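Spelled out, the chains give:
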Amino acid sequence: MLEKIESLMHTFVNEVDPLATELYAKVPKGKRLRAKLVMKIAPEAQENIKLAAIIELIHAASLLHDDVIDEAVTRRGIASLNATHGSKTAVMLGDILYSKAFSELSDFSPFIAKTVSDAVSKLSAGELLDVAYSEALQLDEAKYFDMIYKKTAVLIEATASSAAALAGKDTKAFGLYGKNLGLAFQIIDDVLDIVSDEATLGKPALADFKEGKTTLPYIYLYQSLSEQDRKRLISLYRKALEEDEANWLKEKMAESGAVEKSVSYARTLGYEALDAIAHEKNDDLEKVITDMIEREY
Ligand code: FPP
Ligand code: MG
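A quick note: this is a predicted structure, and the numbers were derived from the prediction, not measured. (Residues numbered from 1 in each chain as written. Chains lettered and ligands numbered in written order. Predicted model: local features only at pLDDT ≥ 70, side-chain atom pairs only at ≥ 80, totals over all residues. Heavy atoms only, no water.)

Taken together, the protein ligands of the magnesium ion (ligand 2) are Asp66 (OD) and Asp70 (OD), with distances of 2.0 to 2.1 Å. Of this pair, aspartate 66 and aspartate 70 both sit in helix α4 (residues 46–70), separated by 4 residues, roughly a single helical turn. A relative accessible area of 12% means that aspartate 66 is categorised as buried. (Donors = N, O, S within 2.8 Å, 3.2 Å for Na, K, Ca; no water. Helix = DSSP H or I, 4+ residues; strand = E, 2+ residues; numbered from the N terminus. Buried < 20%, exposed > 50% of the residue type's maximum accessible area, 1.4 Å probe, protein only.)

Structure below.
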């Protein structure tokens, strides 16, 4: 079914313009998490494949724009489209992908069309917050959660509730599952930036803080530090770290238990996701969560 989704995405792009197809071929495919979620919630049918293709096109568009905004030179371990073809091209390909996605979305029920459209508005607001919060250290937990909800969880929530609507299932329960999955996924992503190495990440480690992103482990770390160490942490914000500075940061992270506390919060969200769909008896969806929360970080 994933091949059918890939092929439909290709067809959609080609229907707009062959030049767009050429550029689209250079965009790495990614894990297709959202398409897989549709497949696990709704049985195979042409409209489910179409919904999955639409959502993946929107996600791809958002990443093309995000790489321009973040001035990222790599995406998934290879040069980003803005790096190889310039920001103008990357923005315009993003525009093509998401406007075509919306055109196809208009074939769906008002509930699905509105759920997905509203999610993209929030996604864009989330990116605005992400940029605003990257200007200065942002140590407010509530603001962090609001931002990751909008930037990451909202599209996964909309994917799950729209797929449930197509399958005639409980849209609220699946939406809640998707929301908690998205939040937990983003927290784990933020943790991996700290505990993984460059080879595993496909991008430099400890990149978030340097890019101005104060993620949950940094918020917890700050809360646990002495005044003196807080000053040192602040001095490292948005800085290319020397080896001794990176080591200090990792040491303090380890001492404070900030990573464990973040993982533990992600696990709590994972359990809430499992609770939301407990009555559905969907082993595949349960496994998505247990794979994430039962491994070591
Ligand atoms: C990645 O965040 C960014 C997102 C998940 C959302 C980006 C959203 C927009 C640009 C809004 C516009 C939407 C459309 C449909 C055009 P990140 O920078 O923290 O993660 P990364 O490491 O993957 O770059
Ligand atoms: Mg980015």
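Glancing now at the site of ligand 1. Around ligand 1, the structure places 14 residues, and the nearest of them are Asp66, Asp70, Arg75, Lys151 and Lys213. Between ligand 1 and the protein, one listed contact pairs an oxygen atom with a side-chain N or O atom of lysine 151 at 2.5 Å. In isolation ligand 1 has 640 Å² of accessible area, and contact with the protein removes 86% of it. Those elements that provide at least two residues to the shell around ligand 1 are α4 and α7 (110–133). Looking at side-chain class alone, the shell around ligand 1 contains 4 nonpolar, 3 polar and 7 charged residues. (Near = heavy atom within 4 Å. Polar contact = N/O pair within 3.5 Å; in protein donor to acceptor, adjacent residues only side chain to side chain. Areas by Shrake-Rupley, 256 points an atom, 1.4 Å probe, with all protein chains shown as cover. Nonpolar A, V, L, I, M, F, W, Y, C, P; charged D, E, K, R; others polar.)

With that out of the way, let us pick up the confidence of the model for the chain. Per-residue confidence for the chain averages 94 on the pLDDT scale, and 100% of its residues sit at or above 70. In the model of the chain, helix α10 (residues 198–201) stands out as the element of lowest mean pLDDT, 77, in contrast to helix α6 (residues 87–105), which has the highest, 98. (pLDDT = per-residue confidence, 0-100.)

Let us look at the packing of helix α9 (residues 171–195) against helix α15 (residues 258–276). Closest axis-to-axis distance for the α9/α15 pair is 8 Å, and the angle between their directions is 160°. By the angle between their directions, the pair α9 and α15 is classed as roughly antiparallel. In the packing of α9 onto α15, the handedness of the crossing is left-handed. Across the interface between the two elements, Ala173, Leu176, Tyr177, Asn180, Leu181, Leu183, Ala184, Ile187, Ile188, Val191, Ile194 and Val195 of α9 pack against Val259, Ser262, Val263, Tyr265, Ala266, Leu269, Gly270, Glu272, Ala273 and Ala276 of α15. (Axes fitted to C-alpha atoms, helices over the stretch in contact; angles between N-to-C directions. Parallel < 35°, antiparallel > 145°, perpendicular 65-115°, else oblique. Left-handed = near helix turned anticlockwise from the far one by under 90°. Contact = heavy atoms within 4.5 Å.)

Let us look at the packing of aromatic side chains. Summed over the entire model, instances satisfying the criterion amount to 5 aromatic pairs. Relative to phenylalanine 145, the ring of tyrosine 144 has its centre 5.3 Å away and its plane inclined at 70°; by these criteria the two rings are edge-to-face. Accessibility classification places tyrosine 144 together with phenylalanine 145 in one group, the buried group. Between the aromatic rings of phenylalanine 209 and tyrosine 218, the centroid separation amounts to 4.2 Å while the plane-to-plane angle is 5°, which identifies the pairing as stacked. For the pair phenylalanine 209 and tyrosine 218, one class covers both residues: buried. Three or more aromatic residues joined by ring pairs make a cluster, and in this case those are Tyr144, Phe145 and Tyr265. Its guanidinium or amino end placed over the ring of tyrosine 149, lysine 179 lies 5.0 Å from that ring's centre, counting from NZ or CZ. If you follow arginine 230 out to its NZ or CZ, it ends over the ring of tyrosine 222, 4.4 Å from the centre. (Phe/Tyr/Trp six-rings, centres within 6.5 Å; stacked < 30°, edge-to-face > 60°. Lys NZ or Arg CZ within 6 Å of the ring centre and 35° of its normal.)

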